[in-house]
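Descriptive analysis of the structure
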Amino acid sequence: MTLIALTGLSVALLLALSSLKKGNDVPIVENSSMQYIYVPPPEAAPYLSVAYETEQREGIPRNLLVKLLETESNFNPNALNVSSNAQGIAQIVPRWHPNVDPYNADEAIPYAGHYLRTLYEQFGDWRKALAGYNWGPGNLQKALNEHGFDWISVAPRETREYIDKISTGVIT
């Protein structure tokens, strides 16, 4: 009989992996605090290499761009939001971003990652970068100017939920 010594984290990880559900944040208890790991759903598979390469190149936390893509389009490169005209896997609005083909995932994913990184540099943290991606950088800047640290209280509910959904298990 072979025995393998497992650390607390290893046991927690094995338990989490045994209960995986596609596209979910799987809870892990470590030192009496709940932590999460994100497991991309099967729909993500064709896009993960481009997304991970983009995250690494742009210095984006692991799976942040992947979760953004899942939230925006559920990895559908043909997604279209008729009301906003957001298109493709990253839900890019051509009116504001005319130099990229939003329906070409190999173009749209790196573009979205670079744009997210630009928002991070502009606003100083990833949650604000996500808010800028979802709500628009102008709206975010106005809220910051008028409400300072309390900007989140005036953000639309959709944006607050968007930030929470994407950042859970990715941003500490």
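I will try to describe carefully the structure that is included in this document. All of these numbers come straight from a predicted model, not from anything done at the bench.

1. Here we look at the overall build of the protein
If you tally the helices and strands in the protein, you get 7 helices and 4 strands. In the protein, the order of α-helices and β-strands from amino to carboxyl end is α-β-β-α-α-β-β-α-α-α-α. Taking all 172 residues of the protein together, 42% fall into the buried category. Across the protein, every contact between residues at least 6 apart in sequence was considered, and the portion connecting residues at least 24 apart equals 38%.

2. Focus: the environment of Ser 153
Along the chain, Ser 153 turns up in the loop between helix 6 (137–147) and helix 7 (157–167). When the C-alpha positions of Ser 153 and Ala 143 are compared, they lie 9.1 Å apart, and in sequence the two are 10 residues distant. Within the local environment of Ser 153, its side chain forms a polar contact with the backbone oxygen of Asp 150, the two atoms lying 2.7 Å apart.

3. Regarding a nonpolar patch on the surface
Side chains of Leu 80, Val 82 and Tyr 103 sit close together on the surface and give an oily, nonpolar patch of about 310 Å² of accessible area. Relative to the helices and strands, Leu 80 resides in strand 3 (residues 80–81).

4. Observations concerning the packing of helix 3 (residues 64–73) against helix 5 (residues 126–135)
Two elements in contact, helix 3 and helix 5, have axes whose closest approach is 13 Å; the angle formed by their N-to-C orientations is 30°. Taken together, the axis directions place helix 3 and helix 5 in an arrangement best described as roughly parallel. Here the hand of the crossing between helix 3 and helix 5 comes out right-handed. Contact residues: helix 3 offers Leu 64, Leu 68 and Glu 72, while helix 5 offers Trp 126, Leu 130 and Tyr 133.

5. Let's talk about the packing of aromatic side chains
Under the counting rule described, the total for this entry stands at 2 aromatic pairs. When the ring of Tyr 115 is compared with that of Tyr 133, the centres are 5.7 Å apart and the planes differ by 50°; the resulting orientation is tilted. Remark: Tyr 133 occurs in helix 5 and Tyr 115 occurs in helix 4 (residues 105–123); sequence separation between them is 18 residues. Just as Tyr 115 is buried, Tyr 133 falls in that class too. Between the NZ or CZ atom of Arg 62 and the centre of the ring of Tyr 52, over which it lies, the distance is 3.5 Å.

6. Notes on unusual backbone geometry
Phi at Asn 63 takes a positive value of approximately 75°, unusual for a residue other than glycine. Mapped onto the fold, Asn 63 is located in the loop between helix 2 (48–58) and helix 3. Although it is not a glycine, Phe 75 adopts a positive phi angle of roughly 65°. Among the structural elements, Phe 75 can be located in the loop between helix 3 and strand 3. The class of Phe 75 is buried, set by a relative accessible area of 4%.

Analysis parameters
Residues numbered from 1 in each chain as written. Predicted model: local features only at pLDDT ≥ 70, side-chain atom pairs only at ≥ 80, totals over all residues. Heavy atoms only, no water. Helix = DSSP H or I, 4+ residues; strand = E, 2+ residues; numbered from the N terminus. Buried < 20%, exposed > 50% of the residue type's maximum accessible area, 1.4 Å probe, protein only. Contact = heavy atoms within 4.5 Å. Polar contact = N/O pair within 3.5 Å; in protein donor to acceptor, adjacent residues only side chain to side chain. Patch = residues over 30% accessible without salt bridge, like charges linked within 9 Å, V, L, I, M, F, W, Y side chains within 5 Å. Areas by Shrake-Rupley, 256 points an atom, 1.4 Å probe, with all protein chains shown as cover. Salt bridge = Lys/Arg side-chain N within 4 Å of Asp/Glu carboxyl O. Axes fitted to C-alpha atoms, helices over the stretch in contact; angles between N-to-C directions. Parallel < 35°, antiparallel > 145°, perpendicular 65-115°, else oblique. Left-handed = near helix turned anticlockwise from the far one by under 90°. Phe/Tyr/Trp six-rings, centres within 6.5 Å; stacked < 30°, edge-to-face > 60°. Lys NZ or Arg CZ within 6 Å of the ring centre and 35° of its normal.

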